[in-house]
Amino acid sequence: MTGQKLEYGSGVWQTFDSSMVTQYFSGGPSAGRWVVREDQYCSIWPPSDLWACYDVFRNEDTIRFVDDAGGRTDGTFAQ
C-alpha cells in the first residue's frame, strides 16, 4: 500500500505514505497513522486512540478492506 492512492468514488480518496501517515479526503482532509499487524491493515484516526484492523484482499486494481464484523469497503488504485 505504501506510496499508493485509493479512490472510493464520489471524490473520496486515501493515500498511504512510507512515513506510515495516511491521508483521507471525504469533503475535507483528515490524517491518521497506519501499520500492518499480523497480516492486517490497521489504522488510527485522532482524536481517537483506538486502532481499527482489517483483512485486505486484492482483485486486480481493487482493494477490499473487511472489518471484524464483516463490513466491506472497496477502493481502486488511482491511475
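See the structure shown above.
The following refers to the structure shown. (Residues numbered from 1 in each chain as written. Predicted model: local features only at pLDDT ≥ 70, side-chain atom pairs only at ≥ 80, totals over all residues. Heavy atoms only, no water.)

### Considerations on the overall build of the chain
In step 1: Helices and strands together make up the secondary structure of the chain, namely 0 helices and 8 strands.
In step 2: Its C-alpha atoms give the chain a radius of gyration of 12 Å, near enough to 12 Å, the size a compact globule of 79 residues would have.
In step 3: Expressed as a percentage of its 79 residues, the buried residues of the chain come to 24%.
In step 4: Relative to all contacts within the chain whose residues are 6 or more apart in sequence, the contacts with residues 24 or more apart total 17%.
In step 5: Only carbon and sulfur atoms are counted for the fraction: they give 48% of the accessible area of the chain, which is about 5300 Å². (Helix = DSSP H or I, 4+ residues; strand = E, 2+ residues; numbered from the N terminus. Rg over C-alpha atoms; globule rule 2.2 N^0.38 Å. Buried < 20%, exposed > 50% of the residue type's maximum accessible area, 1.4 Å probe, protein only. Contact = heavy atoms within 4.5 Å. Areas by Shrake-Rupley, 256 points an atom, 1.4 Å probe, with all protein chains shown as cover.)

### Examining the pattern of salt bridges
In step 1: Inspection of every chain in the model, using the stated rule, returns 1 salt bridge.
In step 2: With a closest N to O distance of 2.7 Å, D74 and R64 form a salt bridge. Here D74 is found in strand β8 (residues 72-77), whereas its partner R64 is found in strand β7 (residues 62-66), with 10 residues between them in sequence. (Salt bridge = Lys/Arg side-chain N within 4 Å of Asp/Glu carboxyl O.)

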